[in-house]
Amino acid sequence: MGELRSSNDYDELVRWAESQGGYCSPSLIITKSETSGSTAHAKTAIEGPNARLLSCPTSLIIDYDKAAAHIWEDPHACPFLRSPEIAIRLFLCNQRILGRDSPWAAYIKLLPTEFDTPLYYSHDELEMLRGTNVFGEVELRRHAWVEEWKRGVMHLPSKFNKTLFSWELYLWACTVLSSRSFPSSIVFGTSEVDSYPVLVPLVDSLNHKPQVPVYWNATADSFTISSGDSIAAGDEVFNNYGLKGNEELLMGYGFCLENNPFDVVTLKLRHPRMSADKAELVSPEMTESIFHLSESSPLPHELVNFFRIVVANVRETERLLALRTVPGLSQTAGMRCELDALGKLYNAVSMKLRGISVTGVAHPNKRQQSMSVYISRQVKILSQSLLAITRAMYAALHIQPESPDTEDMTFLRTKVYQRLADCGVNLDLVFSSPRFAEFTSAIKEGFDVSSPSDIRAADIEDQILVLFVSHLLISTPAEYSAWADAMHQRYNNARELDEDYVEDFERLFDAYIPPLAELNSTIFGEQKWTPRLMAWAGKVVDSEGVVVENCEDGRPEYWIITAV
Ligand SMILES: C[S@@+](CC[C@H](N)C(=O)[O-])C[C@H]1O[C@@H](n2cnc3c(N)ncnc32)[C@H](O)[C@@H]1O
């Protein structure tokens, strides 16, 4: 490496900070890099641990009090006590407008004016991110900042020329804050609850490296960063911005790291309408839950549990409520609940994965490189999650060998799908089984369909299943008798089959049973066919069914779990 020289501007920044009590280690040199703004290197070896690198005097730290006092003179007149970052952004805009007259001029002139955060991307660049969380987040953030900018400018005292506070300038201030601030709770050692971003000139000159050991030390006079390790001469000197995944780095800072150990896929799940019991299990005051998938935890326990609660039928919900009070017990509420939860989770994750497109670019620029690192890591974590879900389904079905030594998804999914036939029944099994030939032939003729696919295409899968389950409950073949008994106990009672529920099935009965009885009076002419019986079968289909993707073509199929 050739001799490192700092530019005059960085020397000026250091002199300015030192004139007010700041510090820059004589072993450090800050230079302008081509690709990531300033970088700091060790001119000579730095002996750790706890070697002081940079300090910013408290008088130069840009916080709410200074911003409010500067713009509103009386800080109590500042309307942004509850959104201190707005006051700081307006303050920053004004320092930039003041130019050389700003007391922070030495700092402001070194701040980048162009960024690689997605709010600066062109429409075409942004398209590459379609399907990812960042894609949706960009417009939400832009909208929030635009509204904030309008509110901020409206509240500026009349001595300011509001036309100079453009949206572009405000966006710049927002991005400066997102890409180089420190939490006030750390800088001033105050409570985390009220923490907000503050700017710490000079100390913010270091790039990020995860897990690099550094100490941040706050005193009444200054904020200091020290190195936790020795640093060899010529090496870059880093800060450690914390446990940030690529999504947070891209949105806030405009870069991504190839092997980021803190990378996660964030799943934000809106709570569906739930019974009071279920809401109790997922925190009744919340309307959405957030989960993080990572390489080390591709299937977090809390995520599976969330889906268990969402899909649980009444009996399973009671079981989950009872299990909640027994610490250390697994939360599963039986095979049906487990398969339904894992099946729905699989659909949610695979839909997210399918929404992301991975497009190679021949000569990627810096932004495209960051995006492609972000996307490929998201895809990797989502794929690992699908594998973990499939393995969990495999385990729930007690397939042998217990721990398959393969990551071949097709193999695992085929095993799961094949095993389902031992635990339940779906329309394909019914239609291919000679013992149900008479039933299926009446259905084919009565509904003018020739296969389960026709039935699914006509969107009557649940109705045909109600007819089939009614037929099973009437005829109770020997191997279904234990299941039929259990279904009788669970659903054939006044609590489950109230009048309103049964009434809904009267229409179904009138529409289907007389014409089907004409086609096959042995099966459908039975005296046992009643709206109440069909309502009972309806409860079974509603409560004992699971939707599983076919392992060959991925189409969703409805299965009734008959293993009890
Ligand atoms: C607090 S500043 C760090 C010093 C910075 N280089 C500057 O120009 O002042 C944060 C910005 O530095 C760049 N940066 C920090 N760490 C980086 C890294 N590991 N790889 C690429 N760019 C990085 C990003 O542009 C980020 O927005």
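Residues numbered from 1 in each chain as written. Predicted model: local features only at pLDDT ≥ 70, side-chain atom pairs only at ≥ 80, totals over all residues.

Undergrad: Tell me about the packing of helix α19 (residues 461-475) against helix α23 (residues 531-544), residues and numbers included.
TA: As a packed pair, α19 and α23 sit with axes 8 Å apart at the nearest point and diverge in direction by 115 degrees. Here α19 lies roughly perpendicular to α23, going by the angle between them. As for the relative orientation of α19 and α23, their crossing is right-handed in sense. Counting all contacts with α19, which are made through Asp462, Leu465, Val466, Val469, Ser470 and Leu473, the residues of α23 involved are Leu533, Met534, Trp536, Ala537, Gly538, Val540 and Val541. Class assignment of the residues belonging to the contact of α19 with α23 gives a composition of 10 nonpolar, 2 polar and 1 charged. (Axes fitted to C-alpha atoms, helices over the stretch in contact; angles between N-to-C directions. Helix = DSSP H or I, 4+ residues; strand = E, 2+ residues; numbered from the N terminus. Parallel < 35°, antiparallel > 145°, perpendicular 65-115°, else oblique. Left-handed = near helix turned anticlockwise from the far one by under 90°. Contact = placed C-beta atoms within 7 Å. Nonpolar A, V, L, I, M, F, W, Y, C, P; charged D, E, K, R; others polar.)

Undergrad: Provide a residue-level description of the pairing of strand β9 (residues 222-227), including the pertinent values.
TA: The side chains of a regular strand alternate between both faces of the sheet. Of the strand pairs in this sheet, strand β4 (residues 51-57) and β9 are connected by 6 bridges, and their pairing is antiparallel. Paired with Arg52 across the strands is Ser226, a residue of β9. Both strand β8 (residues 214-218) and β9 contribute to a ladder of 5 bridges, which runs antiparallel. Counted as the bridge partner of Val214 is Ser227 from β9. The turn joining β8 and β9, which pair antiparallel and follow one another in sequence, is formed by 3 residues. (Pairing = 2+ DSSP bridges.)

Undergrad: Talk me through the confidence of the model for the chain; I want residue IDs and the actual numbers.
TA: Taken as a whole, the chain shows an average pLDDT of 93; of its residues, 97% reach a score of 70 or greater. Prediction confidence for the complex, expressed as pTM and ipTM, is 0.89 and 0.99 respectively. (pLDDT = per-residue confidence, 0-100.)

Undergrad: Can you explain the sheet that holds β9? Please cite residues and give values.
TA: The strand order β1-β4-β9-β8 describes an open sheet built from 4 strands, whose pairing is antiparallel. A strand with exactly one partner marks an edge of an open sheet, and here the two such strands are β1 (23-24) and β8.

Undergrad: How would you sum up the nonpolar core? Please name residues and give values.
TA: Across soluble globular proteins, nonpolar side chains show a tendency to be buried alongside one another. Membership of the largest hydrophobic core comes to 71 residues, with the highest contact counts inside it found for Leu345, Val469 and Ala537. For this core, the element with the highest residue contribution is α19, accounting for 8 residues. Inspection of this core shows a minimum of three residues originating in each of domain 2 (265-396) and domain 3 (420-561). For Val469, the residues in contact, after removing those within four places along its chain, are Ala537, Val540, Val541 and Ile560. Core analysis: the second largest hydrophobic core is formed by 56 residues, Ile61, Cys93, Ala173 and Leu202 among them. (Core = buried A, V, L, I, M, F, W, Y, C linked by C-beta atoms within 7 Å. Buried ≥ 20, exposed ≤ 12 C-beta atoms within 10 Å, placed from the backbone. Domains from an automatic or database assignment.)

Undergrad: How would you sum up the environment of Thr522? Please name residues and give values.
TA: With respect to the helices and strands, Thr522 occurs in helix α22 (residues 521-524). Looking at Thr522, the number of C-beta atoms within 10 Å reads 9, which means it is exposed. It is 29 Å that separates the C-alpha atoms of Thr522 and Glu499, two residues lying 23 residues apart in sequence.

Undergrad: I'd like to hear about helix α7 (residues 167-180), residue by residue, with values.
TA: Structural remark: α-helix, 3.6 residues per turn; residues separated by three or four positions point the same way. Under the 1.5 Å per step criterion, the end-to-end length of α7 is 20 Å for 14 residues, consistent within 8% with the ideal 20 Å. Extensive coverage of α7 is indicated by the burial of 10 of its 14 residues. For α7, the full list of buried residues reads Tyr170, Leu171, Trp172, Ala173, Cys174, Thr175, Val176, Ser178, Ser179 and Arg180. Looking at the buried side of α7, the elements it contacts are α3 (84-98), α6 (133-154), β5 (181-183), β6 (197-199) and α9 (246-253). (Expected span 1.5 Å × (residues − 1).)

Undergrad: Can you break down the sheet that holds strand β15 (residues 556-561) residue by residue, with the values?
TA: Spatially, 3 strands are ordered β13-β15-β14 in an open sheet, and the strand pairing comes out antiparallel. Each edge of the open sheet carries a strand with a single partner, namely β13 (424-426) and β14 (545-549). With strand direction ignored, the average angle separating the axes of adjacent strands in the sheet is 40 degrees. Judged from the 5 bridges that link them, β14 and β15 form a sheet pairing that is antiparallel. Bridge assignment links Val547 to a residue of β15, and that residue is Tyr558.

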